[in-house]
Amino acid sequence: MSIDTQLKQFKDAFNAELANVSNAETLEVVRVKYLGRKSAFQDILRNLKDMNDEERREAGQAANAVKEAMQAAIESKEAELERCRYDHLATDERVDISLPGFAWPKGHLHMTTRAIRDIQRIFERLGFTRVRYPEVEWEHYAFDVLRMGTNHPARDNWETYFIDAPVHEKFGRMILTPHTTNGDVREMERGELPIRTMNINKTYRRQSDVSHVPMFHQFEGLLVDRDVSVTHLKGLFEHFAKEFFGPDREIRLRPHHFRFTEPSFEIDVSCGLCAGEGCRMCKQGWLELGGAGMLHPDVLRAGGVDPDEYTALAFGWGVERTASMRSGINIADIRVMYKNDIRFLEQF
Ligand code: PHE
C-alpha cells in the first residue's frame, strides 16, 4: 500500500471518530490514539526510512500536512466543546437565542360561562342584583307556590328528577329544580321590597335530544315594585336583545300560558342566521327565547307581597339556548356543548 493511501485511510478514520466526540474525555482518547507516541501514525513514518531521498521528502511533507490538519481539527473541536460547556448542552442541542419564542396555547372560558357573565352584566347595569337559590329544592318552591299543586297536570312540562329522600311535611318531595322560578317566592319571602334580582343557576330536566341537555342553565329576572307592567317587560327584552345579540335583532311577544303568570308570553328573537327571512334554524324568521309574564296574584301572596299594592314581572330563559342564538352560531346538537370536545369548544 502506498504511503499516500495509508495516510488517507488514517485521516479518514480519525475524522470519523472525531465527528462522534461530544465531551473532553473522548476527545483526549482520540488525540492519544491518533497523535500520541504509540499512534499508528508512527508506524507510517517508520516506512520513510526505506525510501530514497526524493520520495522521503515528498512523503514527509504529506505526513506533516496530515498531522497538522489533525491537530487543527482537535483544537477547533476543543473550542466547540468549551462553548457548549458554558451552555450546559450537548453539541447538537445548542440554543439559538435569536429565534422567536414559543407561544404557549391559551385557553378560554366555556361559552356557557361567558354567556352567564354577559347576561349578568347587562342586567346589572339595569339595577338587577345576581342571586342564587337552591338547585336541590323542595316541590313546594318549584311547583306548589307556583299554582301547580301535587298531581297538577301542568307539572308534566317540567320533566322533574326526584331525589330519594324523606318527604317533608310542608315542602313535599325533594327534587333537582327544573327551572329558576323556584327562587321567586324565596326572594319575596325575604321581605325586602322592591325587588330586582337575576337568578342564574343550574336546572335539570329528564330530557336529552338535539335541543335538550339534562343539566342546563336558566336565568330568571324578577322585578317586584309598584306599577310594574307589561310595558316594562317589553322594554327590558328589547334592551337585552340589542345588548346581547346586537342592534339588528328584534324581539316579539307571543301569548302563552303558565300557571304562575297572568298574562303569560313567550319571547321570540329574530333569527341571526337568516336575519328574519326564514331558514332551517328558525320558525319563519323567529327563534324562541323563553317564557315570561306578570306574576299571578296568588304567587305574590305566597311570597308575602300584597298584590293590590305591588305587581311583578318575571322571565326565565335557558342560557345555552340563548347563547346558541347569537348571530352566526348554528349548533345542530346542543349536547356537544358538554361533551368536552376541544375541537368544538375552541370555536366559541
Ligand atoms: N319557568 C318557566 C320555564 O322554565 C319560564 C318562566 C319564568 C315563565 C318566569 C314565566 C315567568 O319554562
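Residues numbered from 1 in each chain as written. Predicted model: local features only at pLDDT ≥ 70, side-chain atom pairs only at ≥ 80, totals over all residues. Heavy atoms only, no water.

1. Here we look at the domain arrangement of the chain
To keep things clear, this is the line we draw: Domain extents, as shown, originate in an automatic or database domain assignment.
Assigned domains of the chain: these are domain 1 (3-86) and domain 2 (111-133 + 183-345). Here the C-alpha centre of domain 2 lies 86 Å away from the C-alpha centre of domain 1.

2. So, the site of the ligand
Selection rule: Any residue with a heavy atom positioned within 4 Å of a molecule or strand is treated as near that molecule or strand. Two N or O atoms count as a polar contact when they lie within 3.5 Å, although within protein this holds only if one can serve as hydrogen donor and the other as acceptor, and sequence-adjacent residues are included solely when both atoms are side-chain atoms. A 1.4 Å probe and the Shrake-Rupley method give the accessible areas. Residues count as covered only by the protein chains that appear here. Where helices and strands are cited, they refer to DSSP runs of H or I of at least four residues and of E of at least two residues respectively, numbered from the N terminus. Under this grouping Gly is polar, as are all residues other than the nonpolar Ala, Val, Leu, Ile, Met, Phe, Trp, Tyr, Cys and Pro and the charged Asp, Glu, Lys and Arg.
In the vicinity of the ligand lie 14 residues, with His179, Thr181, Arg205, Gln218 and Gly316 positioned nearest. Trp158 places a polar side-chain atom, nitrogen or oxygen, 3.3 Å from an oxygen atom of the ligand. Arg205 places a side-chain nitrogen or oxygen 2.9 Å from an oxygen atom of the ligand. Notes on the ligand: free accessible area 330 Å², of which the protein chains cover 93%. Those elements giving two or more residues to the shell around the ligand turn out to be strand 6 (215-225), strand 9 (286-295) and strand 10 (311-318). If you tally residues by element for the shell around the ligand, the top one is strand 10, at 3 residues. Broken down by class, the residue content of the shell around the ligand amounts to 6 nonpolar, 6 polar and 2 charged.

3. Description of the sheet that holds strand 4 (residues 174-176)
Stated formally: Whether two strands pair comes down to DSSP finding at least two bridges between them.
The strand order 2-4-3 describes an open sheet built from 3 strands, whose pairing is antiparallel. The sheet is open, and its two edges are formed by strand 2 (136-138) and strand 3 (161-162), each paired on a single side. In the sheet, strand 2 pairs with strand 4 via 3 bridges, with the strands oriented antiparallel. By the bridge assignment, Trp138 is partnered in strand 4 with Met174.

4. Here's the deal with the pairing of strand 5 (residues 195-204)
What counts is decided by this rule: When accessible area is computed with a 1.4 Å probe and restricted to protein chains, residues below 20% of their type maximum are described as buried, those above 50% as exposed, and intermediate ones as partly exposed.
For strand 5, the tally of buried residues reaches 8 of 10 residues, placing the bulk of the element in the interior. With 3 bridges joining them, strand 1 (residues 129-131) and strand 5 adopt parallel strand pairing. Looking across to strand 5, one finds that Arg130 is bridged to Met198. For strand 5 and strand 6, the ladder comprises 10 bridges, and the chain directions are antiparallel. Bridge pairing links Arg196 to Leu223 in strand 6.

5. Some details on the packing of aromatic side chains
Where we set the bar: In this scheme Phe, Tyr and Trp rings, the latter by its six-membered ring, pair at centre separations within 6.5 Å, and the angle between planes marks the pair as stacked below 30 degrees, edge-to-face above 60, and tilted otherwise. Any Lys NZ or Arg CZ that is within 6 Å of a ring centre and within 35 degrees of that ring's normal is treated as a charge sitting over the ring.
Here the structure, examined in full by the defined rule, presents 22 aromatic pairs. Plain terms: the ring middles of Phe14 and Tyr34 are 5.4 Å apart, the flat faces sit at 75 degrees to each other, and that makes the pair edge-to-face. Highlighted residues: Phe14 in helix 1 (residues 3-19) and Tyr34 in helix 2 (residues 24-35), separated in sequence by 20 residues. We classify Tyr34 as buried; its relative accessible area is 5%. With 5.2 Å between their ring centres and 45 degrees between their planes, Phe315 and Trp317 make a pair best called tilted. In textbook terms, an aromatic cluster arises when at least three aromatic residues are bridged by ring pairs, as seen for Phe123, Phe128, Phe219, Phe237, Phe240, Phe244, Phe245, Phe315 and Trp317. Over the ring of Tyr141 we find Arg186; its NZ or CZ atom is 4.1 Å from the centre of that ring. Residue placement shows Arg326 over the ring face of Phe244; its charged tip is 3.8 Å from the ring centre.

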